[in-house]
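# Working through the structure, step by step
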Amino acid sequence: MQRAERLLDLIQSLRRRRRPVTADTLAAELDVSVRTVYRDIAALMRQGVPVRGEAGIGYILDAGFDLPPLMLSPDEIEAVLVGMRWLSERADPVLARAAEDVVSKVAAVLPAHLKPILLDGALFAPAYGSEKPVDQVDVAGVRAAIRQGRKLSIRYRDEAGRESQRMIWPIGMTFYERVRIVIAWCELREAFRHFRTDRITDLALREERYPARRADLLRRWQQQEDERDRAACEQREAAQSRAITPSTSATRPEATSASARG
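Residues numbered from 1 in each chain as written. Predicted model: local features only at pLDDT ≥ 70, side-chain atom pairs only at ≥ 80, totals over all residues. Heavy atoms only, no water.

## Details of the overall build of the protein
Helix and strand content of the protein: 9 helices and 7 strands. Across the 262 residues of the protein, 33% fall into the buried class. Counting contacts in the protein only where the partners sit at least 6 residues apart, residues at least 24 apart contribute 58% of the total. (Helix = DSSP H or I, 4+ residues; strand = E, 2+ residues; numbered from the N terminus. Buried < 20%, exposed > 50% of the residue type's maximum accessible area, 1.4 Å probe, protein only. Contact = heavy atoms within 4.5 Å.)

Listed below in structure tokens is the structure:
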């Protein structure tokens, strides 16, 4: 790897982090020695890149510094292509159009020798056509509520067909192959709940903001999910252990018969 390319990769590694990162971590990520990281950090500082920190503690890139927005490598261009193609098949219509716009905007400013990677790229995301469920509401309203931290009033139909009216605090969305899930705090259940967008039959974006920071709610939700995953894993391991360990009733006849034979 050429030094100029390595320096750009180092800046990108720093830019994607919000907290100080150690030279050891950077060295492992860039596949170089810690001494090389120290030298490269010093070189960036001499060139005016606002890196703060020191050896043994960690480094962070000050806010406000940026590289030219589309100094992309071939791998990064392919990442954009696959991501946008995946979204165009699985997102709501507004977000799908936005994905197509991203590709066209990136293509417009790429150097000529890199444009074929994006425009003639051979990396695809499968299309499911009519197989995927159809939303009955404009999901763009859900994404707006997430960005703005506002409550949503929804009417929801569960898997059994039962409808209920909910007031939710939407904090995120998960995109699966065929469905999209809204992650939210439900005032009715007083707990985090997941709502499939194709089962929301009506929604209204409220002016009222929910009384918590979205980042804090996301952390709480993630902790709950981690705990649930650990509990499920422990249950599976316990079930496997019970299936492998022979029962006492199964071993006693063998012992009795062995003593009789003796």
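## Topic: the layout of surface pockets
Considered as a void within the structure, the second largest pocket measures approximately 240 Å³ in volume. Along its surface, the second largest pocket is lined by 19 residues, and A91, P133, V134, D135 and R180 are the ones closest to its centre. Partitioning the lining of the second largest pocket into residue classes produces 8 nonpolar, 2 polar and 9 charged. (1 Å grid on protein atoms, 1.4 Å probe; cavity = no way out; pocket = protein on both sides within 12 Å on 5 of 7 lines; lining within 4 Å. Points joined across faces, edges and corners; volume = space filled by probe spheres on them. Nonpolar A, V, L, I, M, F, W, Y, C, P; charged D, E, K, R; others polar.)

## So, the environment of Y38
Within the fold, Y38 resides in helix α3 (residues 34-46). Along the backbone, Y38 and A27 are 11 residues apart, and their C-alpha atoms lie at a distance of 9.4 Å.

## Considering the pattern of salt bridges
Taken as a whole and judged by the stated rule, the model has 17 salt bridges. A salt bridge links R16 to E29, with the shortest nitrogen-to-oxygen separation between them at 2.6 Å. Remark: E29 occurs in helix α2 (residues 23-30) and R16 occurs in the loop between α1 (3-15) and α2; sequence separation between them is 13 residues. The partly exposed category is assigned to E29, whose relative accessible area is 34%. For E29, the salt bridge identified is with R17, shortest N-O distance 2.7 Å. (Salt bridge = Lys/Arg side-chain N within 4 Å of Asp/Glu carboxyl O.)

## Focus: the packing of helix α4 (residues 74-90) against helix α5 (residues 93-109)
Packed helices, taken two at a time, are described by the angle between their axes plus the distance between the axes. Running from amino to carboxyl end, α4 crosses α5 at an angle of 155°, the nearest separation of the two axes being 8 Å. In this view, α4 runs roughly antiparallel relative to α5, as classed from their interaxial angle. Crossing angle aside, the handedness with which α4 passes α5 is left-handed. Mapping the contact onto sequence places V80, M84, L87 and S88 in α4 and L95, A96, A99, V102 and V103 in α5. (Axes fitted to C-alpha atoms, helices over the stretch in contact; angles between N-to-C directions. Parallel < 35°, antiparallel > 145°, perpendicular 65-115°, else oblique. Left-handed = near helix turned anticlockwise from the far one by under 90°.)

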